[in-house]
Amino acid sequence: MVTPSASPFRLLSCLVVLLLLPLLSFAADPDPLQDFCVADVSAPPLLNGFPCKPASNVTSGDFFFDGLMKEGNTANTFGVNVTAADVGSFPGLNTLGISMNRVDFARGGINPPHSHPRATETGVVMKGKLLVGFVTSGNVFYSKVLTAGQMFVIPRGLVHFQKNVGEGKALALTAFNSHLPGVEVLPLTLFASTPPIPNDVLTQAFQVEEDVVNSIRSKFAS
Ligand code: GLV
Ligand code: MN
C-alpha cells in the first residue's frame, strides 16, 4: 500500500528516471571519472569497460601503440585488412571513448557493408582513391569518391562501406568515439553466423531461392 508520504517521492523518482532514460540510450561511451584507467585485459570486463590496472603498474608504454605502423595482409575474399587500435589491442584507451583503425585495401578491394553499433566513425584517406558510402535509416544513400587527405564521417550505427576505385593500393585511417565500437559485417552477420540464421528466413527476407542462399553461404564457409 502507498503511504501518503511515499507517494510524491515515488512520483518524483519515476519522473527523474523517465527524464534520464533518453540520455542513457543516446550516450556514447560514458565520460571518465579519472585521468586514465589502463585496462587490465586479463580481468573479465565490468559492466562498461575493463577494470583499471593499479596505477603503480602503469608505464609510459601503456599510452603508446605501434600496431598501426604495418600494412595489413589483404590477401582475402574482400581484399581488405582492418587493423584495430581499440581497447582490446591498446589497453590505454580504456574508458577514454576513442579508438582507431588502419584499413588497407588491395587494388579493387572492398571494406564490405558494415556498421558500428556503439560509435560514429570518421576517417581520412591516406593513399589511393576510395568510394565511401553509407545508407541512412530512411534508406538514402550518400557517397563520394575521396583521394588522399580527404575525410568522411559515418553517423553512428549506419551501414557503410569503402571500395578501392583507384589504380593501386589504398589506405585509410579511421577513428571512433568509443574505445570499443564493435562491428557487424553484413555478409558475415547474415550468412556466416553461429549458429546459422535458418535458410527460410534468408530466402524470405531476400526473396530468393534456397540455392542462392547456399551459394552465398559457401563463399564465407570457414
Ligand atoms: C571503416 O569503415 C572502419 O570501420 O574502419
Ligand atoms: Mn566502419
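Please read these numbers as outputs of a predicted model, since none were measured by experiment. All chains use their own residue numbering, which begins from 1 and follows the written sequence. Numbering of ligands from 1 and lettering of chains from A proceed in the order in which they are written. Selection of residues for local features in this predicted model requires a pLDDT of at least 70, selection of side-chain atom pairs for listing and counting requires 80 or more, and totals for whole chains, interfaces and linings are taken over all residues. The basis for every side-chain value is the complete set of heavy atoms in the structure, and neither hydrogens nor water enter the calculation.

1. Observations concerning the overall build of the chain
(1) Moving on: Working definition: helices are DSSP H or I runs of at least four residues, strands are E runs of at least two. Numbering for both runs from the N terminus. A count of helices and strands for the chain gives four helices and 10 strands.
(2) Moving on: Only protein chains enter the accessibility calculation, which uses a 1.4 Å probe. A residue is then buried if its area is under 20% of the maximum for its type, exposed if over 50%, and partly exposed in between. Here the chain, with 222 residues, has 32% of them falling under the buried criterion.
(3) Moving on: Intrachain contacts of the chain at a sequence separation of at least 6 include 68% that bridge at least 24 residues.
(4) Moving on: The accessible surface values rely on the Shrake-Rupley method and a 1.4 Å probe; as for residues, cover is taken only from the protein chains in view. Approximately 13,700 Å² of the chain is accessible, and the part contributed by carbon and sulfur atoms is 64%. Any pair of residues with heavy atoms lying within 4.5 Å of one another is described as a contacting pair.

2. So, the pattern of salt bridges
If the charged atoms of two oppositely charged side chains come close together, the side chains can form a pair.
(1) Moving on: Salt bridges are identified by distance alone: a Lys or Arg side-chain nitrogen within 4 Å of an Asp or Glu carboxyl oxygen. Scanning the entire structure with this criterion turns up four salt bridges.
(2) Moving on: As a salt-bridge pair, aspartate 104 and arginine 102 come within 2.8 Å of each other at their nearest N and O atoms.
(3) Moving on: Take aspartate 104: its relative accessible area is 4%, and that puts it in the buried class.
(4) Moving on: A salt bridge links glutamate 167 to arginine 107, with the shortest nitrogen-to-oxygen separation between them at 3.0 Å. Of the two residues, glutamate 167 is situated in the loop between β8 (159-164) and β9 (170-176) and arginine 107 in the loop between β2 (99-105) and β3 (110-115); the sequence distance between them amounts to 60 residues. Here glutamate 167 matches arginine 107 in class, with each residue exposed.

3. Overview of the environment of glycine 123
(1) Moving on: Inspection of the secondary structure assignment puts glycine 123 in strand β4 (residues 121-127).
(2) Moving on: Spatially, the C-alpha atoms of glycine 123 and phenylalanine 152 are 5.4 Å apart, while their sequence positions differ by 29 residues.
(3) Moving on: Ignoring any residue separated from it by four or fewer positions in sequence, one finds glycine 123 in contact with Gln150, Met151, Phe152, Leu173 and Thr174.

4. Re the UniProt feature "binding site: oxalate" (unreviewed entry) in the chain
(1) Moving on: As annotated in UniProt, the feature "binding site: oxalate" (unreviewed entry) corresponds to Asn101, Asn111, His116 and Glu121 in the numbering used here. Taken together, the annotated residues stretch across 21 residues yet fold into one region, lying no more than 13.9 Å apart by C-alpha.
(2) Moving on: Inspection of the secondary structure puts asparagine 111 in strand β3.
(3) Moving on: Look at asparagine 111 and you get buried, because its relative accessible area is 9%.
(4) Moving on: When residues no more than four places from it in sequence are discounted, the contact partners of asparagine 111 are Val80, Val82, Val103, Phe105, Phe161 and Gln162. UniProt positions are given in the numbering used here, feature names are shortened, and annotations may be inferred rather than shown by experiment.

5. Some details on the nonpolar core
Note that soluble globular proteins tend to have their nonpolar side chains buried in a common cluster.
(1) Moving on: As used in this record, nonpolar core signifies buried Ala, Val, Leu, Ile, Met, Phe, Trp, Tyr and Cys residues forming a set joined through side-chain atoms within 4.5 Å. The biggest cluster of nonpolar side chains holds 13 residues, and the ones touching the most others in it are Phe105, Leu130, Val132, Leu146, Phe152 and Ile154.
(2) Moving on: It is strand β5 (residues 129-135) that contributes the most residues to this core, three residues altogether.
(3) Moving on: Apart from the residues within four sequence positions on either side, phenylalanine 152 is in contact with Glu121, Thr122, Gly123, Val124, Val132, Leu146, Gln162 and Thr174.

6. Focus: the environment of glycine 92
(1) Moving on: Structurally, glycine 92 can be placed in the loop between β1 (80-85) and β2.
(2) Moving on: Each residue touching glycine 92, except ones within four places of it in the same chain, is listed here: Val38 and Asp62.

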